[in-house]
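# Chains, contacts and geometry: an overview
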Amino acid sequence: QVQLVESGGGLVQAGGSLRLSCAASGRTFSIYGMGWFRQAPGKEREFVATISASGGITYYADSVNGRFTISRDNAKNTLYLQMNSLKPEDTAVYYCAKREGDSRPSKDELRYDYWGQGTQVTVSS
C-alpha cells in the first residue's frame with residue numbers, strides 16, 4: 001500500500017509562484033515513475049508533468065512547459081512541482097500519482113495506480 005499526500009497549494013496572484021510537494025509512504029518510491037495531474041472545475045483531469053524514477057527524464061504539458069518544473073528527492077520520498085509565472089487558467093486541484101509497476105514517466109493517467117487526495121491551487125487575476 002502506498003500513500004501520497006500533497007501539500008503547498010493555496011491562493012496566489014497571477015505571475016506568482018507556488019511549490020507543491022507530494023510525500024510518499026513506503027520504501028519503494030525511488031523505483032517508480034511519478035506524475036502530476038490537475039482538474040479544474042467542470043473539466044476533466046489533465047496531465048501536467050511526469051518524471052522517471054531516477055529523475056533523469058521529464059515531460060510536460062504544453063500549457064506549463066517553461067513555467068513548471070517537476071523534480072523528486074528519493075532520499076526524502078518526496079515529489080515536487082515548482083510552479084512559476086502562474087496564470088488564472090492554472091487554477092485547479094493538483095494531484096500527484098505513482099506509476100503502476102514502471103520506472104518510466106507517462107502522460108497517461110491510466111498508467112498510474114495510486115493517487116493523492118489533491119491540493120487546491122487558485123490563481124487570481
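Heads up: these notes are all about the structure in this document. (Residues numbered from 1 in each chain as written. Predicted model: local features only at pLDDT ≥ 70, side-chain atom pairs only at ≥ 80, totals over all residues. Heavy atoms only, no water.)

## Details of the sheet that holds strand β1 (residues 4–7)
Rules: Paired strands, in this sense, are two strands between which DSSP finds at least two bridges. Per the convention used, a helix needs a DSSP run of H or I reaching at least four residues, while a strand needs a run of E reaching at least two, with both numbered from the N terminus. Angles shown run from 0 to 180 degrees and are taken between the N-to-C directions of axes, each axis being a line fitted to C-alpha atoms and, for helices, limited to the stretch in contact.
Read from one edge of the open sheet, four strands run β1-β3-β8-β7, paired in antiparallel fashion. Each edge of the sheet is formed by a strand with only one pairing partner; in this case those strands are β1 and β7 (68–73). On average, each strand axis in the sheet is tilted by 15° relative to the strand beside it, whichever way the strands run. In this sheet, strand β8 (residues 78–83) lies alongside strand β3 (residues 18–24) in antiparallel orientation, the contact comprising six bridges. If you follow R19 over to β8, its bridge partner there is Q82.

## Observations concerning the pairing of β1
Applicable threshold: We call a residue buried when its accessible area falls under 20% of the maximum for its residue type, exposed when it is over 50%, and partly exposed in between, using a 1.4 Å probe and counting protein chains only.
Here β1 shows a clear split, with L4 and E6 buried on one side and none of V5 and S7 buried on the other. Across four bridges, β1 lies against β3 in antiparallel orientation. When the sheet's bridge partners are listed, L4 is paired in β3 with A24.

## A short note on the pattern of salt bridges
Quick reminder of the rule: We define a salt bridge as a side-chain nitrogen of Lys or Arg found within 4 Å of a carboxyl oxygen belonging to Asp or Glu.
Here the structure, examined in full by the defined rule, presents eight salt bridges. When the shortest N-O distance is used, the salt bridge between R38 and E46 registers 2.6 Å. Between D108 and R111 there is a salt bridge whose closest N-O contact spans 3.8 Å. Its relative accessible area of 31% is what places D108 among the partly exposed residues.

## Some details on empty space enclosed by the protein
Definition in use: The way it works is a 1 Å grid over only the protein atoms, where trapped points that fit a 1.4 Å probe form a cavity and open points with protein on both sides within 12 Å along at least five of seven lines form a pocket, and then any residue with an atom within 4 Å of a point lines it. Grid points are joined across faces, edges and corners, and a volume is the space filled by probe spheres set on the points. Residue type decides the class: Asp, Glu, Lys and Arg count as charged, Ala, Val, Leu, Ile, Met, Phe, Trp, Tyr, Cys and Pro as nonpolar, and the leftover types, Gly among them, as polar.
Across all of its chains, the model carries one cavity of 30 Å³ or more by this definition. Each pocket or cavity is described by its volume, and for the largest cavity that value is around 40 Å³. If you go around the largest cavity, the residues you meet are V2, L4, A24, S25, T28, F29, Y32, M34 and K98. Counted by class, the lining of the largest cavity contains six nonpolar, two polar and one charged residues.

## Considerations on the pairing of strand β4 (residues 34–39)
Extensive coverage of β4 is indicated by the burial of five of its six residues. Where β4 meets strand β5 (residues 46–51), five bridges bridge the pair, whose relative direction is antiparallel. Looking at the pairing, M34 lines up with I51 of β5. As paired strands, β4 and strand β9 (residues 92–99) are joined by six bridges and run antiparallel to one another. What sits directly across from G35, in β9, is A97.

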